[in-house]
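Survey of secondary and tertiary structure
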Amino acid sequence: MFRFSAVPTWALEAKKGAPAAEPLLPDLASPGVASRAMDEIEFRGSKLTTHVEALLADRTGPVIFARSPNDLPALLRTADQLRSLSLQATEGQPQVFHCACGAAYTVPHSLFHPLTIRCDRCSRLVELNSTRLSDAPVSDVSLCRDALAAFFREAMARGWVVLVDRAPTDPAK
């Protein structure tokens, strides 16, 4: 799989003493989840994974994936696709919230918006503001897509260079 990171442009231009690439994207997904999250995503007219594989072919270490301002529109379109697929995957999935007393409240995702209600059983307040869905595999992929989209947007907003590298397959690395 791949590991994305972002650095300021000056860090790439400095020959010595440049800071290591600091990932803005938290490592929150297993390789299988990250792979499914990037399925169907396009970057510059080809699949995201195909484009990254071509960049990394016969190279070691991080390579430049996107740089502002030239890649800004393409990267923002990719972030929009990630967010859109995340929303499509969660449509129709109910969110289930539980009160401390055990009463369950189910809200269809299409009607969901954060709010607080009073429990029918015990009159405690139940906050309906969770972002996790009841279907964990869909939720993990959606969370990974959302995090990747936010990462791409943040990197471009900062004007940073987005780097990509192969994620280490050995956990000891």
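Structure: above.
A brief look at the structure comes next. Keep in mind that what you see is a predicted model, and the values were worked out from it rather than measured. (Residues numbered from 1 in each chain as written. Predicted model: local features only at pLDDT ≥ 70, side-chain atom pairs only at ≥ 80, totals over all residues. Heavy atoms only, no water.)

**Quick notes on the overall build of the protein chain**
Condition: Each helix is a run of H or I in the DSSP string that is no shorter than four residues. Each strand is a run of E no shorter than two, and both are numbered from the N terminus. In what follows, a contact means two residues having at least one pair of non-hydrogen atoms within 4.5 Å. Only the protein chains shown count as cover for residues, with accessible areas throughout obtained via the Shrake-Rupley method and a probe of 1.4 Å.
Counting secondary structure elements, the protein chain contains 5 helices and 9 strands. Counted from the first residue to the last, the protein chain has its helices and strands arranged as β-α-α-β-β-α-β-α-β-β-β-β-α-β. Residue pairs in contact within the protein chain that sit at least 24 positions apart in sequence constitute 63% of those at least 6 positions apart. Entry remark: accessible area of the protein chain is about 10200 Å², with carbon and sulfur atoms responsible for 52%.

**Here we look at the side chain of S86**
Where we set the bar: Here's how the labels work: a residue is buried when its accessible area is under 20% of the maximum for its type, exposed when over 50%, partly exposed in between, all with a 1.4 Å probe on protein chains only. Pairs of N or O atoms are called polar contacts if they sit within 3.5 Å, as long as, within protein, a hydrogen donor faces a hydrogen acceptor (for residues adjacent in sequence, only side-chain-to-side-chain pairs).
Among the structural elements, S86 can be located in helix 4 (residues 72-90). Using a relative accessible area of 2% as the deciding quantity, one classes S86 as buried. Engagement of the side chain of S86 in a polar contact is seen with the backbone oxygen of S142, the distance being 3.4 Å. Once residues lying within four places of it in the same chain are set aside, the contact partners of S86 are S142, R145 and D146.

**Things to note about the pattern of salt bridges**
Where we set the bar: The salt bridge definition used is simple: a Lys or Arg side-chain nitrogen within 4 Å of an Asp or Glu carboxyl oxygen.
One pass over the structure, following the stated rule, counts 6 salt bridges. Two residues, R166 and E53, come together in a salt bridge whose shortest N-O distance is 3.3 Å. Pair noted here: R166 is in strand 9 (residues 161-166) and E53 is in helix 3 (residues 48-56), with a separation of 113 residues, a long-range link. Take R166: its relative accessible area is 36%, and that puts it in the partly exposed class. We note a salt bridge from R158 to E154, for which the minimum N-O separation is 2.7 Å. Here E154 and R158 lie together in helix 5 (residues 136-158), a separation of 4 residues that amounts to about one turn. Since its relative accessible area comes to 42%, R158 is described here as partly exposed. E154 sits in the partly exposed class, given a relative accessible area of 36%.

**Let's talk about the pairing of strand 7 (residues 115-118)**
Here is the rule we go by: Paired strands are those between which DSSP finds at least two bridges.
Direction of pairing for strand 7 relative to strand 8 (residues 125-128): antiparallel, over a ladder of 4 bridges. Following the sheet pairing, T116 is matched in strand 8 by E127. The turn joining strand 7 and strand 8, which pair antiparallel and follow one another in sequence, is formed by 6 residues; a positive phi near 70° is taken by S123.

**A few points about the packing of aromatic side chains**
Any aromatic ring pair is given by two values, namely how distant the centres are and how the planes are angled relative to each other. Heads up, the condition is: Each pair of aromatic rings taken from Phe, Tyr and Trp, with Trp reduced to its six-membered ring, is defined by centres within 6.5 Å and is described as stacked if the planes are under 30 degrees apart, edge-to-face if over 60, and tilted in the remaining cases.
Across all of its chains, the model carries 6 aromatic pairs by this definition. Ring centres of F4 and F65 lie 5.3 Å apart, and the angle between their planes is 70°; this geometry places the pair in the edge-to-face category. One end of the pair, F4, is in strand 1 (residues 2-7); the other, F65, is in strand 4 (residues 63-66), with 61 residues separating them in the sequence. For the pair F4 and F65, one class covers both residues: buried. Ring geometry for F151 and F152: centres 5.6 Å apart, planes at 50°, overall tilted. The pair F151 / F152 is uniform in exposure class, with both members buried. Put simply, the rings of F4, F43, F65, F151 and F152 touch in pairs and so form one group of aromatic residues.

**Considerations on the sheet that holds strand 4**
What counts, and what does not: Throughout, an axis means a line fitted to C-alpha atoms (over the contacting stretch in the case of helices), and angles, computed between N-to-C directions, take values from 0 to 180 degrees.
On the basis of which strands lie adjacent, the open sheet formed by 3 strands has the order 1-9-4 and antiparallel pairing. Two strands in the sheet have a free side with no partner beyond their single neighbour: strand 1 and strand 4. For this sheet, the mean angle separating the axes of adjacent strands, direction not counted, is 40°. Where helix 3 meets the sheet, its contacts fall on strand 1, strand 4 and strand 9, and the angle it forms with strand 4 comes to roughly 150°.

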